[in-house]
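Coordinates in review
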Amino acid sequence: MISYNPKEWFTFIFRFHKADTFRTLLPLIIGISIYSAIIVYFIQDYFHLDDNHHLKNITIMHSMLGFVISLLLVFRTNTAYDRWWEGRKQWGALVNNSRNLALKLSVILVEKEDKLFFKKIIPYYSQVLNLHLKNQNISQELFEEFNMKIETKHKPNQVIKLMFKKINELFIDNKITGEQLLFINQELISFTDICGACERIKNTPIPFSYSVFLKKFIFFYVMTLPFGYVFNLGFYTIPVVIFIFYVLASLELIAEEIEEPFGNDENDLPTARIAENIKKNIDEIL
């Protein structure tokens, strides 16, 4: 995730970072520039169409559809940001619940060996969840350390199962009471709830038909712009069309980038850093 100062206006304007939409759209911008120049040349210099030609009235369509496309893009960006923010809230809840569980166990548990177990396993859950959401390989070191056989591909479930198993053993050995078991149960359950919420965001993208329609809408809208603007702007139509395309396409690209908050893009959630902070907090508590 990119860290920045929102008050630095001129830095934003003149800096092009790796994820900037201009870099991504540059090939299309060049293509639309050439396309617009060809349209302007044929209408203005080849066919010599005058200002009374009916083709000039195509701007009426642009005025009507401009409002529609703006509504669609607002809905698109808001939906994508909601997914990004929901992911951030879930990881914020994971931070709080990990701390709460560690604080409760630091008071309840007496033996150092039991505290050491949870000191390792609690932060490991966030690390495993981070890799799980990014579809990356997960180390088996902790599972091997506790002689646990991996039976499923869902590693976060295996980690929380290990926690429940340890808690149950502590209860059987009378190291924690039934009231204390209920006292920490909510935090234990929340780990799976958070994992399920993150998986829901990850595995439920924006409907394909909606995304495809919006891209087609932007493309055909921009492709018709030179036919209307050429009568009033001439060759100045080229930079105007490029600018309109850049604004509309950039909004769609931004929405695409943030709608999947658990990837490795620069604007995705810093889940690895959050997991590392959880580890530091748990180490201090336990």
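Residues numbered from 1 in each chain as written. Predicted model: local features only at pLDDT ≥ 70, side-chain atom pairs only at ≥ 80, totals over all residues. Heavy atoms only, no water.

1. Topic: unusual backbone geometry
The backbone phi angle of Asn135 is positive, close to 55°, even though this residue is not glycine. Topologically, Asn135 is positioned in the loop between helix H4 (112-133) and helix H5 (141-145). Even without being a glycine, Asn174 presents a positive backbone phi close to 60°. Along the chain, Asn174 falls in the loop between helix H6 (155-172) and helix H7 (178-203). (Helix = DSSP H or I, 4+ residues; strand = E, 2+ residues; numbered from the N terminus.)

2. Looking at helix H10 (residues 271-285)
A rise of 1.5 Å per residue sets the reference length of H10, with its 15 residues, at 21 Å; its end C-alpha atoms lie 21 Å apart and thus fit the reference within 8%. Three or more residues of H10 are buried, namely Thr271, Ile274, Ala275, Ile278, Asn281 and Ile282. Angularly, the buried residues of H10 cover 120° about the axis, an arc narrow enough to put them on a single face. Residues of H10 that are buried in the fold lie against helix H3 (59-108) and H4. (Expected span 1.5 Å × (residues − 1). Buried < 20%, exposed > 50% of the residue type's maximum accessible area, 1.4 Å probe, protein only. Arc of directions from axis to C-beta. Contact = heavy atoms within 4.5 Å.)

3. Here's the deal with the environment of Leu162
Along the chain, Leu162 turns up in helix H6. As for Leu162 and Ile121, which are separated by 41 residues in sequence, their C-alpha atoms are 8.3 Å apart.

4. Describing the pattern of salt bridges
One pass over the structure, following the stated rule, counts 11 salt bridges. Two residues, Glu259 and Arg76, come together in a salt bridge whose shortest N-O distance is 2.9 Å. Here Glu259, found in the loop between helix H9 (237-258) and H10, pairs with Arg76, found in helix H3; they are 183 residues apart in sequence, far enough to count as distant. The residue Glu252 makes a salt bridge to Lys215 at a minimum N-O spacing of 2.8 Å. Taken together, the residues span a long stretch of sequence, with Glu252 in helix H9 and Lys215 in helix H8 (residues 208-233) at a distance of 37 residues. Its relative accessible area of 36% is what places Lys215 among the partly exposed residues. Several salt bridges converge on common partners, so that one network encompasses Arg76, Lys215, Glu252, Glu256 and Glu259. (Salt bridge = Lys/Arg side-chain N within 4 Å of Asp/Glu carboxyl O.)

5. A short note on the packing of H4 against H7
The relative placement of two packed helices comes down to the angle between their axes together with the axis-to-axis distance. The interhelical angle for the contact between H4 and H7, taken along N-to-C directions, is 15°, at an axis separation of 11 Å. As summarised for this structure, H4 and H7 are arranged roughly parallel, according to the angle between their axes. Read as a crossing pair, H4 and H7 show a hand that is right-handed. Along the contact surface, H4 presents Tyr125, Leu129, His132 and Leu133, while H7 presents Phe191, Thr192, Ile194, Cys195, Cys198, Glu199 and Lys202. (Axes fitted to C-alpha atoms, helices over the stretch in contact; angles between N-to-C directions. Parallel < 35°, antiparallel > 145°, perpendicular 65-115°, else oblique. Left-handed = near helix turned anticlockwise from the far one by under 90°.)

6. Side note on the packing of aromatic side chains
This model, assessed by the stated rule, comprises eight aromatic pairs. With a centroid separation of 5.3 Å and 80° between ring planes, the pair formed by Phe219 and Phe220 is classed as edge-to-face. Residue Phe220 is classed as exposed on the basis of its relative accessible area, which comes to 53%. Here the aromatic cluster, defined as three or more aromatic residues joined through ring pairs, consists of Tyr81, Trp84 and Trp85. (Phe/Tyr/Trp six-rings, centres within 6.5 Å; stacked < 30°, edge-to-face > 60°.)

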